[in-house]
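Fold and contact review
Take a look at the letters that make up each chain.
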Amino acid sequence: MQTDKRPETMQRINTAELAQDFIQTQIQEIRARVQDKKVLLALSGGVDSSVVAALLIKAIGKQLVCVHVNHGLMRKGESEQVIDVFGKSLDANLIYVDATDRFLSLLAGVSDPEKKRKIIGGEFIKVFAEEAAKLEGISFLAQGTIYPDILESDGVKAHHNVGGLPEDLNFELVEPIKLLFKDEVRVVGEALGLPHGMVYRQPFPGPGLGVRCLGAITRDRLEALREADAILREEFDKNGLAGKVWQYFIVVPDMKSTGVKDGKRYEGWPAIIRAVNTTDAMTATIEEIPYSLLHRITDRITGEVPGINRVLLDLTPKPVGTIEWE
């Protein structure tokens, strides 16, 4: 598919059979275009990049080089899942870069949300470009551009999916799912055999937990956020809310309040639950969570996560509030 416009006659991919037809067509087109050259992919572990990676592995195997950069702001277990699925199960040509210390050092003391985003995005570009410079024979850059990206950005977002790579890398783009909508990408992902939890992973911002650990990021508060968020996701999975709620997460602000533990007063951070539903991310409504579940989540977070002594629920729709806090 070389066009950036989805044909009106293109059938919606909503069955395993249609997904397999799409996969076979793409394999033929990718092989014809790439031939014996190498392709580079920034593999975040998100839905789109994961589906592109699995598709390219089927098409060209080890000619695909995947680079996963762990900036230390991933959710609990996400980088490990990338290594397990792609490095082990699919035997991908995977380069794993643990850049946690590098990112957190640059973010130390930075509280302005836009500065944090720019540092994270800019440093990702540097790390990825450094890894690309070590490789030989790379002719193509694969990206997980999907059709809404093109519609929303007039065709230019393709260059933003990996943060806006330096022009001197001079790669041709390979974007095999760029005419698909998100629901179609998920159907294709399952047809490729990717884990259900990866294919249906909820949206996650590029700066990751960096924009949910509000204000200047510290390692102890970041770790508390990661653990609290994991508990929220686990409880939503157990109680059937994971498939009903578009996005749900924890925010931990840079403030403390007084709590009581083991008969003693101490200061801890609040964990704020955000759970919203939306169709286009332009507006969002609040998901009603049963109080019995909220009580269980509160008991687990305050009992299992060091440093957190309160759990709050954000009831603000969009508008007035944005989906993310920063």
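For the structure itself, consult the block above.
Quick look at the structure, then. Since we're looking at a predicted model, the values are computed, not measured.

1. A short note on the packing of helix α1 (residues 16–34) against helix α2 (residues 47–60)
- Close contact between α1 and α2 brings their axes to 9 Å; oriented N to C, the two are set at 65°. Of the two elements, α1 crosses α2, and the hand of that crossing is right-handed. Taking contact as the criterion, the partners of Phe22, Ile23, Gln26, Ile27, Ile30, Arg31 and Val34 in α1 are, on α2, Leu55, Leu56, Lys58, Ala59 and Ile60.
- For the contact of α1 with α2, the residue count by class is nine nonpolar, one polar and two charged.

2. Looking at the environment of Gly197
- In this structure, Gly197 sits in helix α8 (residues 196–199).
- C-alpha of Gly197 to C-alpha of Ala242: the two residues are 45 residues apart in sequence and 10.0 Å apart in space.

3. Some thoughts on the nonpolar core
- With 47 residues, the main nonpolar core has Leu40, Phe236, Ile250, Ile273, Ile289, Ile301 and Ile308 as its most contacted residues.
- With seven residues, the single largest contributor to this core is helix α9 (residues 219–238).
- Membership of the second largest hydrophobic core comes to 43 residues, among which are Ile57, Ile60, Phe140 and Leu192.

4. Structural notes on the sheet that holds strand β1 (residues 38–42)
- Pairing is parallel across the open sheet formed by five strands, whose spatial order is β3-β2-β1-β4-β5. Only two strands of the sheet have a single partner each, and these edge strands are β3 (93–98) and β5 (172–174). For this sheet the average axis-to-axis angle between neighbouring strands, irrespective of direction, equals 30°.
- The pairing of β1 with strand β4 (residues 138–142) spans four bridges and is parallel. Residue pairing across strands places Leu40 opposite Leu141, the latter belonging to β4.
- Sheet strands in contact with helix α5 (residues 113–133) are β1, β2 (64–70), β3 and β4, and its direction is about 160° off that of β1.

5. Quick word on the environment of Glu29
- Structurally, the position occupied by Glu29 is in helix α1.
- Linking Glu29 and Pro176, residues 147 residues apart in sequence, is a C-alpha distance of 9.0 Å.

6. Points about α1
- The terminal C-alpha atoms of α1, which comprises 19 residues, lie 26 Å apart, in line with the 27 Å expected from a rise of 1.5 Å per residue.
- Along its buried surface, α1 packs onto β1, α2, β4 and α7 (182–191).
- Gln35 sits one or two positions beyond α1 and adopts a positive phi of about 55°.

7. Let's talk about the pattern of salt bridges
- The tally for this structure, following the rule as stated, stands at 25 salt bridges.
- When the shortest N-O distance is used, the salt bridge between Glu78 and Arg75 registers 2.7 Å. The exposure classification of Glu78 matches that of Arg75, with both residues buried.
- In this structure, the salt-bridge partner of Asp314 is Arg274, at a minimum N-O distance of 3.4 Å. Taken as a pair, Asp314 in the segment after β10 (308–313) and Arg274 in strand β8 (residues 264–277) lie far apart in primary sequence, 40 residues in all. The pair Asp314 / Arg274 is uniform in exposure class, with both members buried.
- Residues joined in a network through salt bridges with shared partners are Glu234, Glu235, Lys238, Arg296, Arg300 and Glu304.

8. Looking at the pairing of β8
- Across five bridges, the pairing between strand β6 (residues 247–251) and β8 is antiparallel. Note on β8: the bridge partner recorded for Tyr248 is Ala275.
- Between the antiparallel neighbours strand β7 (residues 257–261) and β8 lie two residues, among them Asp262 with a positive phi of about 55°.
- Relative to β10, β8 runs parallel, the two being bridged by five bridges. Its bridge partner being in β10, Ile272 is matched across the sheet by Leu312.
- Across two bridges, β8 lies against strand β9 (residues 285–286) in antiparallel orientation. Each bridged residue has a counterpart across the sheet, and for Val276 the counterpart in β9 is Ile286.

Conventions we followed
- Residues numbered from 1 in each chain as written.
- Predicted model: local features only at pLDDT ≥ 70, side-chain atom pairs only at ≥ 80, totals over all residues.
- Heavy atoms only, no water.
- Axes fitted to C-alpha atoms, helices over the stretch in contact; angles between N-to-C directions.
- Helix = DSSP H or I, 4+ residues; strand = E, 2+ residues; numbered from the N terminus.
- Left-handed = near helix turned anticlockwise from the far one by under 90°.
- Contact = heavy atoms within 4.5 Å.
- Nonpolar A, V, L, I, M, F, W, Y, C, P; charged D, E, K, R; others polar.
- Core = buried A, V, L, I, M, F, W, Y, C linked by side-chain atoms within 4.5 Å.
- Buried < 20%, exposed > 50% of the residue type's maximum accessible area, 1.4 Å probe, protein only.
- Pairing = 2+ DSSP bridges.
- Expected span 1.5 Å × (residues − 1).
- Salt bridge = Lys/Arg side-chain N within 4 Å of Asp/Glu carboxyl O.

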